[in-house]
Every structure is written in structure tokens, then in C-alpha cells.
Amino acid sequence: MDKLHITGGKPLCGELRISGAKNAALPILAGALLSEAPVTIGNVPHLHDITTTMELLGRMGVQLVVDEKLNIEVDSSSIQNFYAPYELVKTMRASILVLGPLLSRFGRAEVSLPGGCAIGTRPVNLHLQGLAAMGADINVRNGYIHAVAKRLKGCRLVLDQVTVTGTENLMMAAALAEGKTVIENAAREPEVIDLANFLNQLGAQVRGAGTGILEIEGVESLDRPGRHYNILPDRIETGTYLVAAAMTGGRVKLKNARPALLDAVLVKLRAAGAEIRVGENWIELDMHGRRPCSVSIRTAPYPAFPTDMQAQFIAMNAIAEGVGIITETVFENRFMHVQEMQRMGADIKLESNTAIVKGIPWLTAAPVMATDLRASACLVLAGLVAEGKTVIERIYHIDRGYECIEEKLSQLGAEIRRIPH
Ligand code: EPU
């Protein structure tokens, strides 16, 4: 397994191009299963989770062609099976996103039930309840979800809890259902909007994306040919590099970004002392060499502060001036990075779903282990400001969600190397 070696102490300075959003690309690739005509998807990030999704679609018989600019043409006209095996689902929970489209277009799907996860139990009950309410017959046996339906029927769904992939799965299922589906308490994340825009470009009728109520008028088929869709920029990757610059007292300009999707994060970075300027598709942060001030955050569904940025703000607070209180309300066990940070000298106390982080002037390098994607990002950030050489193991987690992280950080002046195993 590859490792990352990071020697801390360099302020990050320079310019970077932000990649396409992982969490938009995954549902959109799954959504291409709904289309009878080939679709081309651009600005797809080069990530492990994308490769896994392509493998999953490929095994179903979907034809995939990747051109030199990494545009992916997806042709779902010749699918032979409707099966998502455990060996792929266990490496990527987002595989559950094929359930809605398969069931809606082909009337059947067999998808492995995702197992446990490093950040919480993460059930899919709301996905299944929603599909059942639309008329699907769903059985869970031998670790697999077996779902069949003649044609799904539109209905009113009130989600018990805001769920991003749950909203996406049900939106895709409703796209080809008979009649109108209304999803209340829907997730409002920008990636949900991106999926809705993609489906509408194929001929779907989804309204209300970005609000808590989605209205989907089912259509007979999605068959508008020759369409190209560009994935929106990754707001979490953007936020992660902004925090990296803020922690190291640096100055960065991020291009191909969408600052308007990061309001809750920018408020906190400004409170930490960063000077931030934004354009429509770029963002610049200047810390003027200062040490950040601690900030307190509470994670919640969009537009509140994203859980996917919680670990990075723990890293920043660890070396900030003052005490920051971080409350995680989305996932029950998303503090695995805290123990590793403590091994680097961080002063953090955990009390149920809250981390109390007392900033210290510097961290010290240590061998640490990545446990999930955003926890890995936290450790990389910590390594950038630690005294000495930090060695991060199990970095395959980071390759799931950050495109060429060591190249991008090196471009900004960080001393970081991947050590292949
Ligand atoms: N939940 C249920 N039942 C369900 C579905 C969700 O109880 O049927 C609960 C979850 O256990 C959790 C909460 O609802 O406590 C929210 O989970 P959600 O379903 O919104 O999470 P997700 O859709 O599985 C997506 C992202 C995550 C991101 C969360 C929250 C994708 C592929 N994944 O996960 O991204 O943290 O939304 O914003 O979109 C990451 O990129 O590192 C990542 C984990």
C-alpha cells in the first residue's frame, strides 16, 4: 500500500485548478443508466471511486469510452444484467445509486447491501422505503437487496431524515415512474441539483432541485441523443485546499471553482482570519502569514456547514489560537481522525458528538493511518504544519476522493511525496 511522506512547515502559495465533484459524478454516472441514448460526461475527476463506478457499470454491460480529455461516453443501450456485487459495493457505498435507475428502467435490480462504514452505520432504509412506496417489491436476503417492479408509480414521499444519495436514488427512480412523485425533506446539496440538471438535459422533468421539495413528473423514456454534460466543480476539494493555505499562512488562487457553493465554509475561514476574494469561478485566500484563530462549527445538511469539511477544520483548529468546538450532527462516528491527530500532539477532547480542540503552536510529525477519505485529508493538512516528517499509511482512502493530491500540493510548494509499496 502506498504511503505519503510530508515534511511540514512550508506556506502554500500559488494557483490550482479544482477538479469535478466526486459526489456529483457518482450519481450522474449511475443516472446514465436511465438513458437509452449514449451520453457524454465531462469534467469527471480522475479518482478511484470513479474507476469503481465504471467497473460496476461495465460489468452490467454498459459500454464506456474515455477520450484523451477524460470525457466519458456512457452507452447503456445494451445492459445484460442488473447486478451490483458485494466485492464492489463494499469498496464504495455509493454503488447503491444504481438501484433506483435499474429498477425504474428495467424493473429489477440486485444490489449488495452496503456494510458498515468508518464514519457510522449509514443505513439505506430511506432509499428502500421510498422505492417500496413507489410500488417496488423489495426483499433483503443473503446480504443483497432484491428489487422488482412493473412500472414504478409516482407518489408523495416524506423523508424522515435528509439523505443525499437517498434523495438522488429516489429522484432517478421517479424520472421514469408513472405520474408525479413529490419528495419532501429532500437534500438540497449542489450535487443533487447537478444530478437534476443532468437528468433534465436527457429529457426528465425534475423541478425544485436545491429546495426541500422535489417534484418529478415521470416520462416514458430518456432518449435525447448526443448530449454532453459537465460535472460541477468539487466544493469539498476547494474547501480542503483553502484550509491548507489558511493553516500554513499561505496564499492560493483556486480556478474552476464555484465559491457560491461554499458560503458556510467561507464564513468560518474569514472568522479564522483569512482574507478571501471571489469571482464567479475562482477564489483567492490570503492568510498574510498569520496563524489562524480557532472557529467553532456545527455540521448539518446543505446549506449549513458540510460534514465533509469537519475533519479539515479539526486540523486547522489544532494549530489555531484559542479553543474551537466542533459538533458533528450528520454521522455518529466521524471522529476517527482525532486519535491520529492526538498522536501528532493535538490537544483534542471528545465528548459524544463534540470535539473540543485547544490550539497549540505546532504539531509534531508521527506515523499515522488514514481511516476514511476526509480523515485522510485532515492528516495530510496536519502533516503540512507538523515539525518533521509525517508518514501517512493507507492513503488509498485519499485516492478515492482527491485527484492527484500530492501533485497539487507540490504545485503549491508543499514537500510531499508518494512512496509506492
Ligand atoms: N441515513 C439514514 N437512512 C438512510 C440514509 C441515510 O438513516 O436511508 C442517515 C445516515 O446514516 C446519516 C444521514 O442520514 O446519518 C445522512 O446521510 P446521507 O444519506 O445524506 O449520506 P450519503 O448520501 O450516504 C453523501 C455523500 C457523503 C457525505 C454525505 C452527507 C455521496 C456519494 N456521499 O453520503 O460524502 O458525507 O452525503 O453530506 O454523495 C465523502 O465524500 O467523503 C462522503 C462521505
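Residues numbered from 1 in each chain as written. Predicted model: local features only at pLDDT ≥ 70, side-chain atom pairs only at ≥ 80, totals over all residues. Heavy atoms only, no water.

(A) Here's a closer look at the packing of helix α5 (residues 125-133) against helix α6 (residues 164-175). At a minimum axis distance of 9 Å, the contact between α5 and α6 shows a crossing angle of 20°. With respect to α6, the element α5 is oriented roughly parallel. Our pair here, α5 against α6, has a crossing hand that is right-handed. Counted together, Leu 126, His 127, Gly 130 and Leu 131 of α5 and Thr 165, Gly 166, Asn 169, Leu 170 and Ala 173 of α6 form the full contact between these two elements. (Axes fitted to C-alpha atoms, helices over the stretch in contact; angles between N-to-C directions. Helix = DSSP H or I, 4+ residues; strand = E, 2+ residues; numbered from the N terminus. Parallel < 35°, antiparallel > 145°, perpendicular 65-115°, else oblique. Left-handed = near helix turned anticlockwise from the far one by under 90°. Contact = heavy atoms within 4.5 Å.)

(B) Representation of the nonpolar core. Counting residues in hydrophobic clusters, the biggest one holds 77 residues, and the most contacted among them are Ile 50, Val 98, Leu 99, Met 171, Phe 198 and Leu 199. Other than its neighbours up to four places away in sequence, Leu 199 contacts Gly 31, Leu 34, Met 171, Met 172 and Ala 204. By size, the runner-up hydrophobic cluster in this structure holds 69 residues, among which are Ala 245, Ala 274, Phe 313 and Leu 373. (Core = buried A, V, L, I, M, F, W, Y, C linked by side-chain atoms within 4.5 Å. Buried < 20%, exposed > 50% of the residue type's maximum accessible area, 1.4 Å probe, protein only.)

(C) Region of interest: empty space enclosed by the protein. Summed over the entire model, instances satisfying the criterion amount to three cavities of 30 Å³ or more. Within this model, the largest cavity holds a volume of roughly 50 Å³. Around the largest cavity, the lining residues are Ala 21, Lys 22, Asn 23, Glu 191, Asp 234, Arg 235, Ile 236, Asp 308 and Arg 374. Mapped by element, the contributors of at least two residues to the lining of the largest cavity are α1 (22-31) and α8 (235-247). Along the lines of polarity and charge, the residues of the lining of the largest cavity split into two nonpolar, one polar and six charged. (1 Å grid on protein atoms, 1.4 Å probe; cavity = no way out; pocket = protein on both sides within 12 Å on 5 of 7 lines; lining within 4 Å. Points joined across faces, edges and corners; volume = space filled by probe spheres on them. Nonpolar A, V, L, I, M, F, W, Y, C, P; charged D, E, K, R; others polar.)

(D) Quick peek at the site of the ligand. Around the ligand there are 22 residues in total, and Asn 125, Thr 163, Thr 165, Asp 308 and Val 330 lie nearest to it. In this structure, an oxygen atom belonging to the ligand sits 3.3 Å away from a main-chain N or O atom of Pro 123. Between an oxygen atom of the ligand and a main-chain N or O atom of Leu 126, the distance comes to 2.7 Å. Coverage of the ligand by the protein amounts to 89% of the 830 Å² it exposes when considered alone. Among the elements of the structure, α1, α5, α6 and α12 (373-385) are those that each provide at least two residues to the shell around the ligand. Among the elements that take part in the shell around the ligand, α5 stands out by supplying three residues, more than any other. Of the residues in the shell around the ligand, the class split is ten nonpolar, seven polar and five charged. (Near = heavy atom within 4 Å. Polar contact = N/O pair within 3.5 Å; in protein donor to acceptor, adjacent residues only side chain to side chain. Areas by Shrake-Rupley, 256 points an atom, 1.4 Å probe, with all protein chains shown as cover.)

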